[in-house]
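Below are the chains, spelled out letter by letter.
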Amino acid sequence: MFKVAVAPGDGIGKEVIAEGVKVLQAACGTEHVELQLEYMDLGSDRYLRTGELLTDDDIALMKRNQAVYFGAIGDPRVAPGILEKGILIKMRTTFDQYINMRPSKAWHPYTPLKGEKNFDIIFLRENTEDFYMGAGGVLKGRSDAVDLELKRKLYDIDLTLSSSSTSADDYAFEIGMMSRRGIERFADYSFELAKKMGRPKVTAVDKANVCTSLYGMWREVFSQKSKEHGIPVEYMYVDAMAMALVRAPERFGIVACPNMFGDILTDIGAEIMGGLGVAASGNINPNGVSMFEPVHGSAPDIAGQGKANPIAAILAGKMMIDQLGRPDIGKLIEWAVKMAMKQKMVTPDMGGALTTKQAGDAIVDLVRSAQ
Ligand code: ATP
């Protein structure tokens, strides 16, 4: 039995998660695996009603489950950033979900790349450090009038500026920092995944020729971990990687990225495989509670119209069941999605004519037909 917290959230999140749950239940049913679901009321409606974002009770509920299946949050009535920081970022931090995983594989005929390229990449993005640690601030003119907002520990950095009093002399900065421990645990996960999936190498992305200190340590750790795990590491500069992903994605398997480069490259990954409708992700703590979600947001423009493509949410469910230890059930879900695409049983964004619910039902039928 698996215990899962379900947070459909806002907009199309509610619609696509309903389909994802149906598919998960059907697929688990074929293997006689019980799925125990606990629903959560997270998102804009509750926030507008009560002012609550992610409460202690919400966290306790997630903790008593093995994973969180999440839809999307976002609402035009709420200022940007409030729900994201108060719910998503808080969840990632609370559960120390230090791996962001985003698969990118060629979904024919939806990949925009020419030819019959077959690629199957797992992007791993370090999810807690680098330039997104919040270590930023603005140095205003004179050094004695420094207005500095350091949200994390910063030691021994000389912030003295030459004396000046105009805003033309302001400096704004954002510091990229990674801890050795943070890189080590991330590299360990990357090599372990390569081993588990039978991938021959790990590609580590950086900009070590420019940010020599930060990514110098990154390379040092990846080289050491490569030896320890007995799996080769290949280094790619992020700019070369952006080109290679479009030109020859079939060259790559496990791609490990620091936080900011991973943020950008995974969007290239989503686009080359077929776009937002098929892009799924996991925020993973290998020893704790992980969260799985479609990459797309709440899409208020199409919410409530039955137009949302449920495939990204269904594939997020597949990732969750893989992570929970049943990749055989995950394979069944992926096969059913592939068949639905082949038979054009998809929503209008993929050139089909089905509603969200009809597309979900079609995949459920395919899952059951495989028995
Ligand atoms: P949010 O503010 O929650 O991020 P958004 O509309 O700014 O929402 P997305 O939800 O990521 O951003 O979507 C961008 C556009 O892509 C949407 O306006 C919608 O038209 C389209 N889209 C996103 N997800 C889907 C989907 N599952 N099915 C069909 N179209 C989608």
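Everything below is about the structure printed above this text.
These lines cover the structure that appears in this document, whether it is placed above or below. In this text, all values refer to a predicted model and were calculated from it rather than measured experimentally.

**Observations regarding the sheet that holds strand β12 (residues 290-294)**
The strand order across the open sheet built from 10 strands is β2-β1-β3-β12-β11-β4-β5-β10-β8-β9, with neighbouring strands paired in mixed fashion. Strands with a single pairing partner mark the edges of an open sheet, and in this sheet they are β2 (35-39) and β9 (233-237). Between one strand axis and the next, the sheet turns through 25° on average, direction left out of account. Here strand β4 (residues 99-105) runs beside strand β11 (residues 280-284); their pairing, made up of 3 bridges, is antiparallel.

**Concerning the packing of aromatic side chains**
Aromatic ring pairs are defined here through the distance separating the ring centres and the angle between the ring planes. Counted according to the given criterion, the structure contains 5 aromatic pairs. Consider the rings of F186 and F222, whose centres lie 6.3 Å apart with planes at 75°: the pair is edge-to-face. Of this pair, F186 sits in helix α5 (residues 180-197) while F222 sits in helix α6 (residues 212-229), placing them 36 residues apart in sequence. The class of F186 is buried, set by a relative accessible area of 0%. These aromatic residues form a ring-pair network of at least three members: F186, F191, W218 and F222. For R185, the ring lying beneath its charged end belongs to Y98, and the centroid distance is 3.8 Å.

**Digging into the site of the ligand**
Close contacts around the ligand come from 14 residues, with G297, S298, A299, D301 and N309 the closest. With respect to the ligand, the backbone of S298 contributes an N or O atom lying 2.7 Å from an oxygen atom. In this structure, A299 approaches the ligand through a main-chain N or O atom, which is 3.0 Å from an oxygen atom. Surface burial for the ligand is 63%, taken as the share of its 610 Å² of free accessible area covered by protein chains. Residue composition of the shell around the ligand, by class: 7 nonpolar, 5 polar and 2 charged.

So, how was this worked out
- Throughout, residues of each chain are indexed from 1 in the direction in which the sequence is written.
- Side-chain atom pairs in this predicted model are given and counted only at pLDDT of 80 or more, local residue features only at pLDDT of at least 70, and totals for whole chains, interfaces and linings cover all residues.
- Heavy atoms throughout the structure, all of them, feed into the side-chain values; hydrogens and water do not.
- Two strands are counted as paired when DSSP detects at least two bridges linking them.
- The helix and strand labels rest on DSSP assignments: H or I over at least four residues marks a helix, E over at least two residues marks a strand, and numbering proceeds from the N terminus.
- Helix axes are fitted to C-alpha atoms over the stretch in contact, other axes to C-alpha atoms as well, and angles between N-to-C directions run from 0 to 180 degrees.
- In summary, the pairing rule links any two rings of Phe, Tyr or Trp, Trp by its six-membered ring, whose centres are within 6.5 Å, and it sorts them by plane angle into stacked for under 30 degrees, edge-to-face for over 60 and tilted for everything else.
- Note on exposure labels: buried denotes an accessible area under 20% of the residue type's maximum, exposed denotes more than 50%, and partly exposed covers the range between, all computed with a 1.4 Å probe on protein chains only.
- Only lysine NZ and arginine CZ atoms are considered, and such an atom sits over a ring when it is within 6 Å of the ring centre and within 35 degrees of the ring normal.
- Each residue is tested against the molecule or strand, and it is near if at least one of its non-hydrogen atoms lies within 4 Å.
- Any pair of N or O atoms that falls within 3.5 Å is considered a polar contact. Within protein, one atom must be able to donate a hydrogen and the other to accept it, and sequence-neighbouring residues count only if both atoms are side-chain atoms.
- Only the protein chains shown count as covering a residue, and every accessible area follows the Shrake-Rupley method with a 1.4 Å probe.
- Charged means Asp, Glu, Lys or Arg here, nonpolar means Ala, Val, Leu, Ile, Met, Phe, Trp, Tyr, Cys or Pro, and polar covers whatever is left, Gly included.

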